[in-house]
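Chain by chain, the residues:
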Amino acid sequence: MGTPTYTPIATITLGSTDSSITFSSIPTSGYRDLIVVCNAKITSGSGTYWIRLNGDTGTSYSDVVMYGIGSGSGTSNARSSQTVAYAGAIDASDSMMIAQVMDSGASDKHKTILIRENQPDSWVEARAARWASNTVVNSLTISNDSGYSFAIGSTFSLFGIAA
Amino acid sequence: MLLLGAIQAQVSAPVAAGSFDLLATEILTSSQASVTFSSLDTLAAGYQHLQLRMTARGTRNANGDNLGIRLNSDTGNNYSRHALYGDGSSAASYGVASQAFMDLGTLASSTTPANAFTGAVTDILDAFDSTKNTTIRSLNGLAAAGVFVGLASGAWHNTNALTSLTIYALNGNLVQYSRFSLYGIKAA
């Protein structure tokens, strides 16, 4: 018999618009991976979700994306030495983003983040990101680069996976 | 951290017993050729699907290697595999049949920046159903030199229930700190 896991840690549902959300004081023992599930949109315009770990504002992040927009071939691009990890496109329509922070609870490796993000009216994408730090994750911030806030009703749920 | 205007719910207790359960974890203390989860008929009794969660790195002297999986020690050409992947400059795909393994992604290797490991989450569906071949899907990636993100799928053309699965690097060993965790998912 296995050990039950995939444990809800916290859920945030916005009762008013907000430019970012942060899960802080994330338990640093008991979970090996973290999963954040976002069902969100912004108040206007378009942009890209981003994730920052442990409040690290240094150029510690890299990411690579593969996406399709419903016509033509798929596209891929990559970034390195950035101050945030991109986590998927977002606009004023409902979208879903699931980010899995692998080995968030380990101190022996950088943190690889696997991301799937969909905005059914516009695109589908898969991403990988890396936080170049061996530090155990104790906070996770989600925002976007559009200049607009997350809309009322946007939800962000954090889960812990034991290993 | 409470946000002004936000509703926040904190749940600290585990979920009710077992629809998504940790079955086993292996964290390598030194390099080795492969990792095997065996006796799945006992270890995963009562579960319908399996999920592998991995962070892995290999010893190949290159920016990447194949991270492969075989089922029930079958080394024959009884697998097919496909992938859609992005390498930072273009998106491409491949598909091959009659292969000796299924693909879990590109493995970070010796010339990848230190401490960078490939991440992969792989679902193995209906692992113990003897009426169908076993299929897998994998989300995998690494944002380091030799960047990639991939969606892989595979089929083992055999209807036997799973008794073991073996993960390995095609052209080297798996290094220390590589982590492989197996989870069981129950049906309703």
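Relevant structure appears above.
Residues numbered from 1 in each chain as written. Chains lettered and ligands numbered in written order. Predicted model: local features only at pLDDT ≥ 70, side-chain atom pairs only at ≥ 80, totals over all residues. Heavy atoms only, no water.

Draft legend 1. Region of the structure containing the sheet that holds strand 8 (residues 102-107) of chain B. Residues and elements named next belong to chain B. On the basis of which strands lie adjacent, the open sheet formed by 4 strands has the order 3-12-5-8 and antiparallel pairing. The open sheet terminates on both sides in strands that have one partner only, identified here as strand 3 (34-37) and strand 8. Between one strand axis and the next, the sheet turns by 20° as a mean value, whatever way the strands run. (Pairing = 2+ DSSP bridges. Helix = DSSP H or I, 4+ residues; strand = E, 2+ residues; numbered from the N terminus. Axes fitted to C-alpha atoms, helices over the stretch in contact; angles between N-to-C directions.)

Draft legend 2. Up close: the interface of chain A and chain B. Every contact between the two is made by 53 residues of chain A and, on the other side, 57 residues of chain B. Put simply, chain A and chain B have 3 salt bridges between them. The salt bridge partner of A:D33 is B:R53, with a shortest N-O separation of 2.7 Å. Taken together, chain A and chain B are joined by 15 residue pairs in polar contact (both at pLDDT 80 or more). Residues of the side of chain A that touches chain B, tallied by class, amount to 23 nonpolar, 20 polar and 10 charged. Across 2 bridges, the pairing between strand 1 (residues 3-4) of chain A and strand 2 (residues 20-27) of chain B is antiparallel. When the bridges of strand 2 of chain B are listed, A:T3 appears paired with B:L22. (Contact = heavy atoms within 4.5 Å. Salt bridge = Lys/Arg side-chain N within 4 Å of Asp/Glu carboxyl O. Polar contact = N/O pair within 3.5 Å; in protein donor to acceptor, adjacent residues only side chain to side chain. Nonpolar A, V, L, I, M, F, W, Y, C, P; charged D, E, K, R; others polar.)

Draft legend 3. Region of the structure containing the pattern of salt bridges. A complete count under the given rule lists 13 salt bridges over all chains for this structure. Its salt-bridge partner being A:D108, residue A:K109 comes within 3.1 Å of it at the nearest N-O pair. Two residues, B:K132 and B:D129, come together in a salt bridge whose shortest N-O distance is 3.2 Å. Taking relative accessible area as the criterion, B:D129 reaches 22% and is therefore assigned partly exposed. Beyond isolated ion pairs, a larger network of salt bridges with shared partners links A:R32, A:D33, A:D103, A:D108, A:K109, B:R53 and B:R179. (Buried < 20%, exposed > 50% of the residue type's maximum accessible area, 1.4 Å probe, protein only.)

Draft legend 4. Seen up close, the packing of aromatic side chains. Overall, the coordinates contain 6 aromatic pairs over all chains when judged by the stated rule. Relative to B:F20, the ring of A:Y6 lies with its centre 5.1 Å away and its plane at 85°, an arrangement referred to as edge-to-face. You can see A:Y6 sitting in the loop between strand 1 and strand 2 (7-14) and its partner B:F20 sitting in strand 2, one on each of two chains. For B:F20, a relative accessible area of 10% gives the class buried. Note on A:F150 and A:F156: the rings are 5.1 Å apart at their centroids and 65° apart in plane angle, and the pair reads as edge-to-face. (Phe/Tyr/Trp six-rings, centres within 6.5 Å; stacked < 30°, edge-to-face > 60°.)

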